[in-house]
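Chains, contacts and geometry: an overview
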Amino acid sequence: MPGDEKQRPTAGAMRHEAVAFVTRVTARNRLPLDYSVASLRVVDFVVDGLRKGKADRERVAGTLFGLGVYVGEVLVRRAGAVWVDFDADQQAYFGQSVGVRMPDGRVWNPLGRVVNRYEVGREESLQTFYLLLHGRIRQRAS
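Residues numbered from 1 in each chain as written. Predicted model: local features only at pLDDT ≥ 70, side-chain atom pairs only at ≥ 80, totals over all residues. Heavy atoms only, no water.

All right, on to helix α2 (residues 39-52) then. For α2, with 14 residues, the first-to-last C-alpha span of 20 Å sits near the 20 Å given by 1.5 Å per residue. Within α2 the residues assigned to the buried category are S39, L40, V42, V43, D44, V46, V47, D48 and L50. At the C-terminal side of α2, K54 shows a positive phi close to 50°. (Helix = DSSP H or I, 4+ residues; strand = E, 2+ residues; numbered from the N terminus. Expected span 1.5 Å × (residues − 1). Buried < 20%, exposed > 50% of the residue type's maximum accessible area, 1.4 Å probe, protein only.)

Okay, here's the thing in structure tokens:
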């Protein structure tokens, strides 16, 4: 409805959004959201819990958004991505105003990936998404 539309997020706000989300959910639930690749399994688990509760997507939209921002921030911190504002064509394709650009130039939609996990289920694992992600910086074992 006109006038009801929320302000669309911008790339410059995403790190702050991720930190604020993690602060909120870890204070209440003690979830191990530490921006590690392993923590993406926790995100999968949380989304599965929302699915099992058969929550209406609109009711959990804020949580899905926060989890998507978190996944994107993991890509930024661990895979060398940067937050980007999508152009009009990308917004139409992805249904989001922001995403991440990988070091090789490819763009990905972590917010949409979380929604896919919610709508489709286990086949859309966020941890597997990261591990199979093209264009990420490979981290060396220390």
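Turning to the nonpolar core, a few remarks are in order. In this structure, L33, V43, Y70 and W83 are the most contacted members of the largest nonpolar core, which totals 37 residues. Among the secondary structure elements, those contributing two or more residues to this core are α1 (14-29), α2, α3 (61-79), β2 (98-101), α5 (110-120) and α6 (126-131). By residue number, the principal contributor to this core is α3, which donates 9 residues. Every residue in contact with V43, bar those within four places of it in the chain, is listed here: L33, L67, Y70, V71 and L126. (Core = buried A, V, L, I, M, F, W, Y, C linked by side-chain atoms within 4.5 Å. Contact = heavy atoms within 4.5 Å.)

Inspection of the sheet shows strand β1 (residues 82-85) paired to β2 by 4 bridges, in the antiparallel sense. Bridged to V84 within β2 is G99. Across 2 bridges, the pairing between β2 and strand β3 (residues 107-108) is antiparallel. Paired with V100 across the strands is W108, a residue of β3. The antiparallel pairing of β2 with β3 creates a hairpin that spans 5 residues between the two strands, and G105 there sits at a positive phi of about 95°. (Pairing = 2+ DSSP bridges.)

In this section: α5. An α-helical turn contains 3.6 residues, so any two residues separated by three or four positions project in the same direction. Among the residues making up α5, those that are buried are P110, L111, G112, V114, V115, R117 and Y118. Where α5 is buried, its residues contact α2, α3, β1, β2, β3 and α6. Taken from the residues just after α5, G121 is the one with a positive phi, measuring 110°.

On to unusual backbone geometry. With a phi close to 65°, Y35 is a non-glycine residue in the positive phi region. Summarising the element assignment, Y35 is placed in the loop between α1 and α2.

It is worth spelling out the packing of α3 against α5 at this point. Helix-helix packing: each pair is described by the crossing angle between the helix axes and the interaxial distance. At a minimum axis distance of 7 Å, the contact between α3 and α5 shows a crossing angle of 125°. Taken together, the axes of α3 and α5 are oblique relative to one another. Between α3 and α5 the crossing geometry is right-handed. Residues L64, F65, L67, G68, V69, V71, G72 and L75 of α3 pack against P110, L111, V114 and Y118 of α5. Its residues placed into classes, the contact of α3 with α5 shows 10 nonpolar, 2 polar and no charged. (Axes fitted to C-alpha atoms, helices over the stretch in contact; angles between N-to-C directions. Parallel < 35°, antiparallel > 145°, perpendicular 65-115°, else oblique. Left-handed = near helix turned anticlockwise from the far one by under 90°. Nonpolar A, V, L, I, M, F, W, Y, C, P; charged D, E, K, R; others polar.)

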